[in-house]
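Structural characterization, general
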Amino acid sequence: MTQLAELNTSRTTTTEQFQEFFNQVMIDRTKMNDIKLETRMKVQQLIEPSEWDQIVTASKAYWNKNEKSALSKFLNLRSPF
């Protein structure tokens, strides 16, 4: 981000310099997305189907708990003072 700040504040920055910067950002972003995808695939291969079922069940329980809490807060907002 410091490089972008330098480009923004400099009066001599050219359009080509901005294009080079953002092209490099896109290349880095693509590399990071590839790493993230590879990591997800490796984790998926390591998880047994029964473990996956436990993860999904636990996440649904967590989701339901948060959903009930959000509904409760919403209903409290609607009540008169």
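Residues numbered from 1 in each chain as written. Predicted model: local features only at pLDDT ≥ 70, side-chain atom pairs only at ≥ 80, totals over all residues. Heavy atoms only, no water.

Section: the overall build of the protein
To be explicit about the condition: Runs of E in the DSSP output that reach at least two residues are strands. Runs of H or I that reach at least four are helices, and both are numbered from the N terminus. When we talk radius of gyration, it's over C-alpha atoms, and the globule rule is simply 2.2 Å times the number of residues to the 0.38.
Counting secondary structure elements, the protein contains 3 helices and 0 strands. Put simply, the protein runs from its N terminus to its C terminus through helices and strands in the order α-α-α. Against the 2.2 N^0.38 benchmark of 12 Å for 81 residues, the protein shows a C-alpha radius of gyration of 24 Å, more extended than a compact globule. C-alpha atoms of the protein, sized along the principal axes, occupy 55 × 50 × 15 Å.

Some points on the packing of aromatic side chains
What counts, and what does not: Working definition: a ring pair exists when centres of Phe, Tyr or Trp rings (six-membered ring for Trp) sit within 6.5 Å. Plane angles under 30 degrees give stacked, over 60 give edge-to-face, the rest tilted. Burial status follows relative accessibility: with a 1.4 Å probe on protein chains alone, a residue under 20% of its type maximum counts as buried, one over 50% as exposed, and anything between as partly exposed.
With the rule as written, the count across this model stands at 2 aromatic pairs. A centroid spacing of 6.5 Å and a plane angle of 15° characterise the contact between Phe18 and Phe22, whose relative ring orientation is stacked. One end of the pair is Phe18 and the other is Phe22, both in helix H2 (residues 15-46) and 4 residues apart, which spans about a single turn. Assessed through its relative accessible area of 24%, Phe18 is described here as partly exposed. Taking relative accessible area as the criterion, Phe22 reaches 43% and is therefore assigned partly exposed. Three or more aromatic residues link up through ring pairs in this structure, and these residues are Phe18, Phe21 and Phe22.

Regarding the packing of helix H1 (residues 2-9) against H2
Counted only if it meets this: All axes are obtained by fitting lines to C-alpha atoms, using only the stretch in contact for helices, and the reported angles, taken between N-to-C directions, cover 0 to 180 degrees. Each angle receives one of four descriptions, namely roughly parallel if under 35 degrees, roughly antiparallel if over 145, roughly perpendicular if within 65 to 115, and oblique otherwise. Note on convention: the crossing is left-handed when the near helix lies turned anticlockwise from the far helix by less than a right angle, right-handed when the turn is clockwise. Note on contacts: a residue pair qualifies if any of its non-hydrogen atoms lie within 4.5 Å across the two residues. Asp, Glu, Lys and Arg are counted as charged, while Ala, Val, Leu, Ile, Met, Phe, Trp, Tyr, Cys and Pro are counted as nonpolar; the rest, among them Gly, fall into the polar class.
Between H1 and H2, the shortest axis-to-axis distance is 11 Å and the interhelical angle comes to 165°. By the angle between their directions, the pair H1 and H2 is classed as roughly antiparallel. In the packing of H1 onto H2, the handedness of the crossing is left-handed. For the pair H1 and H2, contact is made by Gln3, Leu4, Leu7 and Asn8 and by Gln17, Phe18, Phe21 and Phe22, respectively. Of the residues that constitute the contact of H1 with H2, the class distribution is 5 nonpolar, 3 polar and no charged.

Focus: the environment of Lys42
On the secondary structure map, Lys42 appears in helix H2. Linking Lys42 and Ala61, residues 19 residues apart in sequence, is a C-alpha distance of 26 Å.

Let's talk about the confidence of the model for the protein
Quick reminder of the rule: Residue-level confidence of the predictor is what pLDDT reports, using numbers from 0 through 100.
For the protein, mean pLDDT is 85; residues scoring 70 or higher make up 94% of the total. Confidence, expressed as mean pLDDT per element, reaches its minimum in the protein at helix H3 (residues 49-78) with 78 and its maximum at H2 with 93.

A word on a nonpolar patch on the surface
Heads up, the rule is: Residues forming no salt bridge and having over 30% relative accessible area are the ones grouped into patches, like charges within 9 Å of each other and nonpolar side chains (Val, Leu, Ile, Met, Phe, Trp, Tyr) within 5 Å. Surface exposure here means Shrake-Rupley accessible area, sampled with a 1.4 Å probe, where a residue is shielded only by the protein chains that are shown. Each reported salt bridge corresponds to a side-chain nitrogen of Lys or Arg within 4 Å of a carboxyl oxygen of Asp or Glu.
A grouping of Leu71, Phe74 and Leu75 is seen on the molecular surface, where their side chains present a nonpolar patch of about 290 Å² in accessible area. Among the structural elements, Leu71 can be located in helix H3. By relative accessible area, Leu71 is classed as partly exposed at 49%.

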